[in-house]
Structure formats: C-alpha cells, structure tokens
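# An overview of the molecular structure
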Amino acid sequence: VNGPSPSLRDELMAAIPNLRAFAMSLCGNTARADDLVQETLVRAWSKLQSFEEGTNLKAWLFTILRNLFFSEHRKRRREVEDADGHLSAQLAVHPEQLGHMDMLDFRVALLQLPTDQREALILVGAEGFSYEEAAVISGCAVGTIKSRVNRARVRLTDLLGLQSVDDYGPDHTSEAIVAQGASARPK
Amino acid sequence: MLDQAIQKHLGRKLQATYNDLVSQPVPDKFRQLLDELERQEKKQ
C-alpha cells in the first residue's frame, strides 16, 4: 500500500491551525469548524493518491474544506428556507449595535459579510493566496474573486463606520499583534 | 475605490483577527485522528 510519506503526515498536521482558522472564519462556530477540519483530514487522507506532490498542499486542503462547507451550507439554507419561507439572519447582532473599533467588533463585522465575500477576503487578505490561487480554490473566475474582495472591503468599511482619519489612524497595538501572529504562523 | 489608508487598516485588522485564530492551540483529537488513519492504513 502506498501510504502517505511521514513528511506528508507532518504537512497535514502543520496545516491544521490554518484549516481551523479558515473553517472558523467561514462558519463562525468552533465546534462546527472542528467537524469540518476533521472531515477534511479524513477526505484528504483517502484521496492523497490524487494529490500531486510538489503542488500546493495547503491550497488543496483549503479546496476540500470549503467544498465541504458550501455543500453543507447550501443544504442547511434550503432546510431553513423550507421551514421558514425566508432566510434566517446569519447573526443576531445588527450593524447599529457595533460599537467602537476593536478586535471583537471586527470579528462580528466579518461574520456579517455574505459568505462568498468573506471567503474571498480571508483567502487573499489573511491567508495570502494570490487572486489566481483563490479563484482555483473557490472554483470561480479571478475577476469574481477580485470583485468579492472589493465588495467585502466596502461593506466592512460601512459596517465599522470607518470614515474619518481618527478611525483608522496608526494602531500600534494591532501592529504588534500582526507582527507576533505572523511569526507564529506556520507557513 | 476605497481610501488606501482604510484598505491598509482593514488589512491589518483582518490579519490580526485571523492570526489570533491561527495561533489557537490545536486540540489533541486531530493528532489522534491522523495516528488512527495511519494505523488503519498499515493494517490493510
């Protein structure tokens, strides 16, 4: 049997923090995110033969995870629509309740974005995939990714009430966090 | 087009928020899962 080489197993292991962060960003729920990651790992393991070594393992894993998420998401949405005749609000928090800018508010604002926009923004803005890579992962055109990212930014600006210079002036605390996070982030 | 400063600010916030998620400790069940998958494969 051609099992995955030890290095591939380690690579799967190393990808887990990013897969969890991506899953949590998509569904906004830790338990569901962990289920998604678990399912992704099982799927990836059974399909490792179809993975071409030397290509981007992380992108491949992200593709599996988002496909699992969106097929479940569509199913759930249909169920909700069938039951209620309309979509339930994704979050119980309204934009008016968003207070001043801090990390929690940003997270709440992020979860208010339509899922496809949030996905595009995370892939490009947080994970650092190129527009081309993000398009392959999401199975859509590069232009679609670009427009989703752009719409996400506009919507976030709106949700966070960013207008004046004071609102987005130098923020040394978050810069320190970015620097710290970047070094802790497995590549 | 969005103001460049706003875009930069959003980028930083996004990365800080996301890196916060990435740096959360990984539950041990994932390592156990990979161990189990490996074990099953060796049995075959």
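All values reported here derive from a predicted model rather than from experimental measurement. (Residues numbered from 1 in each chain as written. Chains lettered and ligands numbered in written order. Predicted model: local features only at pLDDT ≥ 70, side-chain atom pairs only at ≥ 80, totals over all residues. Heavy atoms only, no water.)

Here we come to the packing of helix α6 (residues 131-138) of chain A against helix α7 (residues 142-159) of chain A. All names here are of chain A. At a closest axis distance of 8 Å, the pairing of α6 and α7 adopts a crossing angle of 100°. One element, α6, and the other, α7, form an angle in the roughly perpendicular class. Packed against α6, whose contacting residues are Y131, E132, A134, A135 and S138, the element α7 presents V142, I145, K146, R148, V149 and R153 at the interface. Classifying every residue of the contact of α6 with α7 by side-chain character gives 6 nonpolar, 1 polar and 4 charged. (Axes fitted to C-alpha atoms, helices over the stretch in contact; angles between N-to-C directions. Helix = DSSP H or I, 4+ residues; strand = E, 2+ residues; numbered from the N terminus. Parallel < 35°, antiparallel > 145°, perpendicular 65-115°, else oblique. Contact = heavy atoms within 4.5 Å. Nonpolar A, V, L, I, M, F, W, Y, C, P; charged D, E, K, R; others polar.)

Residues and elements named next belong to chain A. Helix α5 (residues 115-126) sits mainly inside the fold: 10 of its 12 residues count as buried. If you check which residues of α5 are buried, you get T115, Q117, R118, E119, A120, L121, I122, L123, V124 and A126. Where α5 ends, the next residue or the one after it, G128, has phi of about 75°, a positive value. (Buried < 20%, exposed > 50% of the residue type's maximum accessible area, 1.4 Å probe, protein only.)

Take the packing of aromatic side chains next. All names here are of chain A. Inspection of the entire model under this criterion finds 4 aromatic pairs over all chains. Taken together, a centroid distance of 4.6 Å and an interplanar angle of 20° make the contact between F22 and F62 stacked. Residue F22 is found in helix α1 (residues 6-27), and its partner F62 is found in helix α3 (residues 57-84); the two are separated by 40 residues along the sequence. There is no split in this pair, since F22 and F62 are both buried. (Phe/Tyr/Trp six-rings, centres within 6.5 Å; stacked < 30°, edge-to-face > 60°.)

Another aspect to go through is the side chain of R66 of chain A. Looking at the element boundaries, R66 of chain A is found in helix α3. If we skip the residues at most four places from it in the chain, R66 of chain A touches F22, L26, E119, I137 and S138 of chain A.

It is worth spelling out the confidence of the model for chain B at this point. The share of residues in chain B with pLDDT of 70 or more is 95%, and the mean pLDDT across the chain is 90. Our summary of model confidence lists the complex with pTM equal to 0.78 and ipTM equal to 0.92. (pLDDT = per-residue confidence, 0-100.)

Turning our attention to the environment of M24 of chain A. You can see M24 of chain A is positioned in helix α1. Residue M24 of chain A is classed as buried on the basis of its relative accessible area, which comes to 8%. Not counting residues up to four positions away in its chain, the partners in contact with M24 of chain A are N29, T30 and A33 of chain A together with L21 and Q24 of chain B.

Attention now moves to the environment of L19 of chain A. All names here are of chain A. Summarising the element assignment, L19 is placed in helix α1. For L19, a relative accessible area of 0% gives the class buried. Here the alpha-carbon distance between L19 and K58, two residues 39 residues apart in the chain, equals 8.5 Å. Discounting residues that sit within four places of it in the chain, L19 has contacts with V37, L41, L61, F62 and L65.

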